[in-house]
2 protein chains.
Amino acid sequence: MIADQKLLRIPGPSPIPPSIQQAMSKPMIGHRGQETKELLQRIKPKLKPVFGTEQDVLIIAGSGTSGLEAAVVNTVKPGDDVFVIVTGAFGDRFVKICEAYEIKVHRLDVDWGKAASPEVIKDYLNEHPEIKVVFTTYCETSTGVLNPVQKIAKTVHQHSEALVVVDGVSCIGAVEAKMDEWGIDVLVTGSQKAMMLPPGLTFIAASDRAWKVIEENEQARFYLDLRKYRDNLVKDSTPFTPGVSLLFGLEQVFHLMEEEGLQQVSKRHKLMMNMTRAAFRKLNIPLLTSDEAASPTVTAISPADFQAEQLRKVVNTEFGLSIAGGQQHLKGQIFRIGHMGYCSPADVLQIISTIEIGLKKINKCIELGQGTQAAQEIYLLQEDE
Amino acid sequence: MIADQKLLRIPGPSPIPPSIQQAMSKPMIGHRGQETKELLQRIKPKLKPVFGTEQDVLIIAGSGTSGLEAAVVNTVKPGDDVFVIVTGAFGDRFVKICEAYEIKVHRLDVDWGKAASPEVIKDYLNEHPEIKVVFTTYCETSTGVLNPVQKIAKTVHQHSEALVVVDGVSCIGAVEAKMDEWGIDVLVTGSQKAMMLPPGLTFIAASDRAWKVIEENEQARFYLDLRKYRDNLVKDSTPFTPGVSLLFGLEQVFHLMEEEGLQQVSKRHKLMMNMTRAAFRKLNIPLLTSDEAASPTVTAISPADFQAEQLRKVVNTEFGLSIAGGQQHLKGQIFRIGHMGYCSPADVLQIISTIEIGLKKINKCIELGQGTQAAQEIYLLQEDE
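As annotated in an unreviewed UniProt entry, chain A is Aminotransferase from Virgibacillus phasianinus. Here chain A is described in UniProt, under the heading Cofactor (unreviewed entry), as follows: "pyridoxal 5'-phosphate". Quoted verbatim from the Sequence similarities (unreviewed entry) field of the UniProt record, the comment on chain A reads "Belongs to the class-V pyridoxal-phosphate-dependent aminotransferase family."

Right, here's the structure in full:
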């Protein structure tokens, strides 16, 4: 294998498009100068349609978790009651953050691989009017579930005064998001997944309702104080040193997204999801999630009669293909394919056809080419729509 | 489609591995300084095994054609008799260069898609002892034929005093080459094919016999005077400004080749050839060349019942996949897939599976996935060897 040949198909970080890599290689500039001001001025309006909001989307230098923590420390304080919908490892992360701040967590555990049900949420909220914030995950990276955040937000607002905070780290930029219309109060994402950048930025926006809470929240915070980011962004600035190279790259992200069209981007991701799912279904290898709960950005496969880890190892050795394993109690039980950001239907065909070889190499009985064929058929079908 | 997503699978230029791209981005250095001297010193021995020679391999800033012209102007002069074996467009290029210099060309035309036969060459040379040089092509890019240069060189030396000049532009670096052992007198290649670099360098080596001729040849030449390159390379220098960035890249080419192993590189190319051929055979789409005549770097396909140009267009539109058309009288008759340099078996699976979709889209009756399956089978078979 050529040493350079790496097929990075984990659910983030995702591969970086060459034009973004190139944009990030521009010579460094001072972050308090006119150039950075103008760069932020140009970027600012472009983030809004990706979030589906008229609010300013704040940019923090930090990983996705810093964005999740920002959502917590800006909306609640020790002793407050929150409801966390845990559909996987990243719902669980919200719990851990809240617990670190001695926030009173009401936790709804949903079987990993299933989506949260708005009905269950409704019942809980009706019984617990003390809940101040509901935390949920749009795409649960650890299972490939896309939670129905639109319905969840609607349910929450119908039955409670709580804010709705959504972790959109592994899908925003690849799926439809209408933060304002859906009533999402805080939406967070990261740079390294569907946004096609290296890790290092987190993006966060808040509704007017949320801003009232944020303004008055007594929780101590400094770096993650969203008020600082908001007040600075109005002046095309940041409170602390921004990730300058990543901002160079971010501007190119928007060029690519605009060239393709945001709608087409989300259509492409759905197509890649459908191709991947059809392939494993044809190969008779169980998918972890139902079609209704499936995310367009990551697919988890739950093999019944072979070792996921063995497959991961062999495709990596043979083809440099990186796919992810399971997290926590699903470790060793599933494997996960990231098909997000800089990934095309042609790449999905490559993933499937190489995994088919991997399956043969670990002596799983399949007919070669069948999964690929199923994915090809979906491609042609969707094209005809 | 993401604007960045281009699958460049023409028979050169080929895609550039990221680490080579990065190496070429080093800050420029003066070409008469110590750094360039040391760079050439490190590169010099690494080119020899790629050519299979103990001679110094000279590096000229220019495209492959400049290397072919160097081979001509250094070995013959106006009025000299040469024998040019034309198996395609690049054999023809030797003819054109020779004619520009009023060299007397004896031309052997071989049907495009077939390899040259040493028998025929033998007969011609026996009848024409005045031939001073035999020009031939190792891989004929326009047809995907790999001529039997080892046998040709042997035949020439058995039946004549002529030098054997070989154009190895589209295969050296990907196929076995034993210039010294096989009796090749001049071997030329370019940077932009199996050598994984952008166009801009040509590499050329000459045997002791050839150097005697070169020394005494009265043909006027300046930039392409190989004596200048030879005399300078001894001092780790070049007679004229070298392609400095490409030399940065070239050093990384050798790192990649050494990491993979030269033998494995050539094994990988044979595997990719076999996968590609098996796929089209399974799809019942005729290959232009026989298995015996096939090149490991480029495969020409000669469709009987669909338009090659239509297929090329549709795979480009759908997947950003660039495959080449035919040249000269084969224009519109064939399409050509480059599988060389920075290309892996996983890439071949991607090429095949996307072309299958392309075939469906132009209403060619095939069963999806069958070509991919055939390629997968070859992969598993060769692995077992």
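Following the structure, the description resumes.
Visitor: Just give me the short version of the relation of the copies chain A and chain B, but keep the residues and values in it.
Guide: After a rotation of 180 degrees and a shift along the axis of 0.0 Å, chain A superposes on chain B with an RMSD of 0.0 Å. Classification of the inter-copy transformation places it as that of a two-fold axis. When you check the interface residues of chain A against chain B, 100% turn up at the interface there too, and the contact is symmetric in its surfaces.

Visitor: Report on the sheet that holds strand E14 (residues 335-338) of chain A, specifying residues and quantitative values.
Guide: All names here are of chain A. Taken together, the three strands give an open sheet; going across it, the order is E11-E14-E13, and neighbouring strands pair in antiparallel fashion. Every other strand in the sheet has two partners, leaving strand E11 (298-301) and strand E13 (324-325) as the edge strands with one partner each. Looking at chain direction, E13 and E14 are connected through two bridges and run antiparallel. Within the sheet, the bridge partner assigned to Ala324 lies in E14 and is Arg336.

Visitor: Please set out the pairing of strand E10 (residues 201-206) of chain B residue by residue, giving values where relevant.
Guide: A regular strand places its side chains so that they alternate between the two faces of the sheet. All names here are of chain B. Most of E10 sits inside the fold, with six of its six residues counted as buried. Burial along E10 is two-sided: Leu201, Phe203 and Ala205 facing one way and Thr202, Ile204 and Ala206 facing the other are all buried. Sheet topology note: the strand E2 (residues 58-61)/E10 ladder contains four bridges and is antiparallel. Within E10, the position partnered with Leu58 by the bridge is Ile204. With five bridges connecting them, strand E9 (residues 186-190) and E10 associate as antiparallel partners.

Visitor: A description of the sheet that holds strand E14 (residues 335-338) of chain B should follow, citing residues and the corresponding values.
Guide: The strands that make up a sheet are held in pairs by hydrogen bonds between backbone atoms, and each pair lies either parallel or antiparallel. Taken in spatial order, the three strands line up as E11-E14-E13 (chain B) in an open sheet, and their pairing is antiparallel. Each having just a single partner strand, strand E11 (298-301) and strand E13 (324-325) of chain B make up the two edges of the open sheet.

Visitor: Any details on the UniProt feature "binding site: substrate" (unreviewed entry) in chain A? Residues and values, ideally.
Guide: Residues and elements named next belong to chain A. UniProt records the feature "binding site: substrate" (unreviewed entry) for Arg336 in the present numbering. Turning to its location among the elements, Arg336 is positioned in strand E14. Take Arg336: its relative accessible area is 7%, and that puts it in the buried class. Of note is the side chain of Arg336, whose polar atom sits 2.7 Å from the backbone oxygen of Thr141.

Visitor: Break down the interface of chain A and chain B for me, with residues and values.
Guide: Contacts between chain A and chain B engage 42 residues on the former and 42 residues on the latter. Across the chain A/chain B interface, buried area totals approximately 3400 Å², and carbon plus sulfur atoms make up 58% of it. The element that contributes the greatest number of residues to the side of chain A that touches chain B is helix H13 (residues 345-361) of chain A, accounting for 11 residues. When its residues are assigned to classes, the side of chain A that touches chain B shows 18 nonpolar, 12 polar and 12 charged.

Visitor: Give a detailed account of the domain arrangement of chain A, specifying residues and quantitative values.
Guide: Residue and element names in this part refer to chain A. Here the domain parsing of chain A yields domain 1 (7-14 + 261-384) and domain 2 (18-258). Taken over C-alpha atoms, the centre of domain 1 sits 27 Å from the centre of domain 2. If you look at the interface, domain 1 gives 27 residues, while domain 2 gives 30 residues. Overall, the association of domain 1 and domain 2 removes approximately 2100 Å² of surface from exposure, summing both partners, and the carbon and sulfur fraction of that is 62%. Here domain 1 and domain 2 share zero salt bridges between them.

Visitor: Any chance you could break down the UniProt feature "domain: Aminotransferase class V" (unreviewed entry) in chain A for me, citing the residues and the numbers?
Guide: In this numbering, the UniProt entry assigns the feature "domain: Aminotransferase class V" (unreviewed entry) to residues 28-328 of chain A. What you have in residues 28-328 of chain A is 45% helix and 17% strand, and the ends, taken at the C-alpha atoms, are 40 Å apart.

Visitor: A description of the side chain of Thr189 of chain A should follow, citing residues and the corresponding values.
Guide: All names here are of chain A. Among the structural elements, Thr189 can be located in strand E9 (residues 186-190). A distance of 3.0 Å separates a polar atom in the side chain of Thr189 from the backbone oxygen of Gly168. Apart from the residues lying within four places of it in its own chain, the contact partners of Thr189 are Phe51, Gly168, Val169, Ile172, Leu201, Thr202 and Phe203.

Visitor: Explain the packing of aromatic side chains to me, and be specific about the residues and the numbers.
Guide: Residue and element names in this part refer to chain A. Throughout the structure, instances matching the rule amount to 20 aromatic pairs over all chains. Between Phe94 and Phe135, the ring centres sit 4.8 Å apart and the planes meet at 40 degrees, which makes this aromatic pair tilted. Remark: Phe135 occurs in strand E5 (residues 131-137) and Phe94 occurs in helix H4 (residues 89-100); sequence separation between them is 41 residues. Just as Phe94 is buried, Phe135 falls in that class too. Measuring from ring centre to ring centre gives 6.3 Å for Tyr223 and Tyr229, while their planes differ by 85 degrees; the resulting arrangement is edge-to-face. We classify Tyr223 as partly exposed; its relative accessible area is 33%. A relative accessible area of 5% means that Tyr229 is categorised as buried.

Visitor: Requested: an account of the packing of helix H5 (residues 118-127) of chain B against helix H6 (residues 149-159) of chain B, with residues and values cited.
Guide: All names here are of chain B. Remark: H5 packs on H6, axes separated minimally by 9 Å, with the N-to-C direction vectors making an angle of 20 degrees. Regarding the angle of H5 to H6, the classification is roughly parallel. Here H5 and H6 pass one another in a crossing that is right-handed. Along its contact with H5, which presents Pro118, Ile121, Lys122, Leu125 and Asn126, the element H6 presents Lys151, Ile152, Thr155, Val156 and His159. Broken down by class, the residue content of the contact of H5 with H6 amounts to five nonpolar, three polar and two charged.

Calculation rules
Residues numbered from 1 in each chain as written. Chains lettered and ligands numbered in written order. Predicted model: local features only at pLDDT ≥ 70, side-chain atom pairs only at ≥ 80, totals over all residues. Heavy atoms only, no water. UniProt positions renumbered as here; feature names shortened; annotations may be inferred. Least-squares fit on C-alpha atoms with pLDDT ≥ 70 in both. Contact = heavy atoms within 4.5 Å. Pairing = 2+ DSSP bridges. Helix = DSSP H or I, 4+ residues; strand = E, 2+ residues; numbered from the N terminus. Buried < 20%, exposed > 50% of the residue type's maximum accessible area, 1.4 Å probe, protein only. Polar contact = N/O pair within 3.5 Å; in protein donor to acceptor, adjacent residues only side chain to side chain. Buried area = accessible area lost by both parts, 1.4 Å probe. Nonpolar A, V, L, I, M, F, W, Y, C, P; charged D, E, K, R; others polar. Domains from an automatic or database assignment. Salt bridge = Lys/Arg side-chain N within 4 Å of Asp/Glu carboxyl O. Phe/Tyr/Trp six-rings, centres within 6.5 Å; stacked < 30°, edge-to-face > 60°. Axes fitted to C-alpha atoms, helices over the stretch in contact; angles between N-to-C directions. Parallel < 35°, antiparallel > 145°, perpendicular 65-115°, else oblique. Left-handed = near helix turned anticlockwise from the far one by under 90°.

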